[in-house]
Amino acid sequence: MKMPAVAEALRAAVAQATRLDDDPVLVLAVDDPALAGLQLERQGPGRAILVDGTTRRRILVAGEGRRTRDGALALDVVVDGWRVEVELEPARRALLRDQARRGRADAGALGPLQIRAVIPGRIVAVSVTRGDALESGQQMLVLEAMKMQNEVRAPRSGTVEQITAVVGQNVEVGDLLVVIT
């Protein structure tokens, strides 16, 4: 696997990342079966070797990291000369983000589907009412965030069972907007 592909795979597949108090090298727990064979050999503070079968890649955590505006810790990790930025967000925010996401399996599942806010913002339009029949991709509401209007569309066909979003309402990540059956 080429280095950009490894970096992208690591960025996409990290399920959990933590720092040890005495060593800033990341401990990675990956949930992608294709990356299950990866091992991390510690070489000292901030240094490690990433082992992928017979391939060995040097890892260096550059600096102590910096805090982003939303409170996450951003670290620069250098893997064989390729810089990858890793952002560690607070556990509470990660939980809300997971609750807000809906994968393809959820979109095709039967039963109620809760549509939650994936970004904070203000509701500027609601296009559906309780009992409306929805087609997949149909606009349900518009959420304004940072002066941009974001359409929230139905991930599957169904019927609007509940609407909690109201025009003018401010919402946070993870807030319930609509329930589809």
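Residues numbered from 1 in each chain as written. Predicted model: local features only at pLDDT ≥ 70, side-chain atom pairs only at ≥ 80, totals over all residues. Heavy atoms only, no water.

**Section: the pattern of salt bridges**
Step number 1: Counted by the stated rule, this structure contains six salt bridges.
Step number 2: Ionic pairing is found between Glu151 and Arg153, a salt bridge with its closest N-O pair at 2.3 Å.
Step number 3: With relative accessibility at 43%, the residue Glu151 sits in the partly exposed group.
Step number 4: Linked through salt bridges whose partners overlap, the residues forming this network are Arg66, Asp76, Arg83 and Glu85. (Salt bridge = Lys/Arg side-chain N within 4 Å of Asp/Glu carboxyl O. Buried < 20%, exposed > 50% of the residue type's maximum accessible area, 1.4 Å probe, protein only.)

**Here we look at the nonpolar core**
Step number 1: Ranked by internal contacts, the top residues of the largest apolar core, which has 17 residues, are Met140, Leu177 and Val178.
Step number 2: When contributions to this core are tallied by element, the ones reaching two or more residues are β8 (113-116), β11 (139-145) and β15 (176-180).
Step number 3: Not counting residues within four places of it along the chain, the set of residues in contact with Met140 comprises Ile115, Val126, Ser127, Val128, Leu134, Val152, Arg153, Ala154, Val178 and Ile180.
Step number 4: If you look at the next biggest cluster of nonpolar residues, it comprises eleven residues, including Ile59, Val61, Leu73 and Val79. (Core = buried A, V, L, I, M, F, W, Y, C linked by side-chain atoms within 4.5 Å. Helix = DSSP H or I, 4+ residues; strand = E, 2+ residues; numbered from the N terminus. Contact = heavy atoms within 4.5 Å.)

**Some thoughts on the sheet that holds strand β6 (residues 73-79)**
Step number 1: Across the sheet, which stays open at both edges, the five strands sit in the order β3-β4-β5-β6-β7 with antiparallel pairing between neighbours. A single partner strand is all that each edge strand has here, and the edge strands are β3 (38-44) and β7 (82-88). Each neighbouring strand pair of the sheet contributes to a mean axis angle of 30 degrees, computed without reference to strand direction.
Step number 2: Judged from the six bridges that link them, strand β4 (residues 47-52) and strand β5 (residues 55-67) form a sheet pairing that is antiparallel. What sits directly across from Ile49, in β5, is Arg58. (Pairing = 2+ DSSP bridges. Axes fitted to C-alpha atoms, helices over the stretch in contact; angles between N-to-C directions.)

**Concerning the confidence of the model for the chain**
Step number 1: When pLDDT is averaged along the chain, the result is 77, and 73% of the positions lie at 70 or above.
Step number 2: Overall, residues 12-20 carries pLDDT values under 50, and its contacts beyond four positions in sequence, including any with other chains, amount to 26 contacts. (pLDDT = per-residue confidence, 0-100.)

**A short note on the pairing of strand β12 (residues 148-153)**
Step number 1: Here β11 runs beside β12; their pairing, made up of six bridges, is antiparallel. Among the inter-strand pairings, Val142 is bridged to a residue of β12, identified as Glu151.
Step number 2: Between β11 and β12, which pair antiparallel and follow one another directly, the connecting turn spans two residues, one of which, Met146, has a positive phi of 50 degrees.

**Re the side chain of Arg156**
Step number 1: On the secondary structure map, Arg156 appears in the loop between β12 and β13 (158-163).
Step number 2: In this structure Arg156 comes out as buried when scored by relative accessible area, which is 8%.
Step number 3: A polar side-chain atom of Arg156 sits 3.3 Å from the main-chain carbonyl oxygen of Ile180. (Polar contact = N/O pair within 3.5 Å; in protein donor to acceptor, adjacent residues only side chain to side chain.)

**Side note on the pairing of β4**
Step number 1: Direction of pairing for β3 relative to β4: antiparallel, over a ladder of six bridges. Paired with Leu40 across the bridge in β4 is Leu50.
Step number 2: Once β3 ends, the chain turns through two residues before running back antiparallel as β4, passing Gly46 with a positive phi of about 75 degrees.
Step number 3: If you look at the hairpin formed by β4 and β5, you'll find two residues sitting between the two strands, and Gly53 has a positive phi there, around 70 degrees.

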